[in-house]
Amino acid sequence: MTNEYAKADLEHVLGEVQEQFKAIAEIQQARARLTASASVRKLATVTVNANGTVVDTKFGPHAEDASLNELAKAVTEAAQQAVTEVTKLGMELMAPVQERQARLPKLSDLLEGFAEVKPQAPVAPPVTMVPLAVDAEEPVMEFSDVETFTPERGSGFTDSSW
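Residues numbered from 1 in each chain as written. Predicted model: local features only at pLDDT ≥ 70, side-chain atom pairs only at ≥ 80, totals over all residues. Heavy atoms only, no water.

1. A look at the overall build of the protein chain
Moving on, step 1. Across its full length, the protein chain holds 3 helices and 3 strands.
Moving on, step 2. Counting from the amino terminus, helix and strand elements in the protein chain follow one another as α-β-β-β-α-α.
Moving on, step 3. Relative to its 162 residues, the protein chain shows a buried fraction of 17%.
Moving on, step 4. Within the protein chain, contacts between residues separated by at least 24 positions form 55% of all contacts whose residues are at least 6 apart in sequence.
Moving on, step 5. Roughly 13,400 Å² of accessible area belongs to the protein chain as shown, and the carbon and sulfur atoms make up 56% of that amount. (Helix = DSSP H or I, 4+ residues; strand = E, 2+ residues; numbered from the N terminus. Buried < 20%, exposed > 50% of the residue type's maximum accessible area, 1.4 Å probe, protein only. Contact = heavy atoms within 4.5 Å. Areas by Shrake-Rupley, 256 points an atom, 1.4 Å probe, with all protein chains shown as cover.)

Following this line, the structure appears as structure tokens:
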């Protein structure tokens, strides 16, 4: 009789695992379409995909009035904000699967004497959000025989010709 209960429990767990696989496949499809955008000071808007890769960058109407340093900072901040948002959205997509997984019995609950196996993956350290400093001993590339480039069309960053 106990064997019948164990068999029924195992069949239930296997059914739940199959449902988890289906849910994960659906989440993967939704994640593949996931994007997030962020704008900084109406200078730049950056859109990233679920992997955090920049897929679109647009400059606002005031971009021509900003310095290159201000634009660079705005693009960097917008990209960082967009990555933070897309990461949050990805975690929200995964939440139902994680909740369902937490409700499943452990293998050790189903099989007497079976030790719970919990592989411990190394935890990656947080990555830098600032550029690395240039080594003072490393030579800087300088070019002396350069030509000045003057664009033939358009007048700035918002020119639609490029």
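2. Considering unusual backbone geometry
Moving on, step 1. The phi angle at R41 is positive, at roughly 45°, despite the residue not being glycine.
Moving on, step 2. For R41, the location among the structural elements is in the loop between β1 (35-40) and β2 (44-49).
Moving on, step 3. A positive phi is found at K42, a non-glycine position, where the angle reads about 55°.
Moving on, step 4. Relative to the assigned elements, K42 resides in the loop between β1 and β2.

3. Considerations on the side chain of T47
Moving on, step 1. On the secondary structure map, T47 appears in strand β2.
Moving on, step 2. We classify T47 as buried; its relative accessible area is 13%.
Moving on, step 3. In contact with T47, not counting residues within four places along its chain, are T35, A36, S37, T53, V54, V55 and D56.

4. Digging into the pattern of salt bridges
Moving on, step 1. Following the criterion strictly, the structure yields 5 salt bridges and no others.
Moving on, step 2. The residue E77 makes a salt bridge to R41 at a minimum N-O spacing of 3.3 Å. Here E77, found in helix α2 (residues 68-103), pairs with R41, found in the loop between β1 and β2; they are 36 residues apart in sequence, far enough to count as distant.
Moving on, step 3. Look at E77 and you get partly exposed, because its relative accessible area is 23%. (Salt bridge = Lys/Arg side-chain N within 4 Å of Asp/Glu carboxyl O.)

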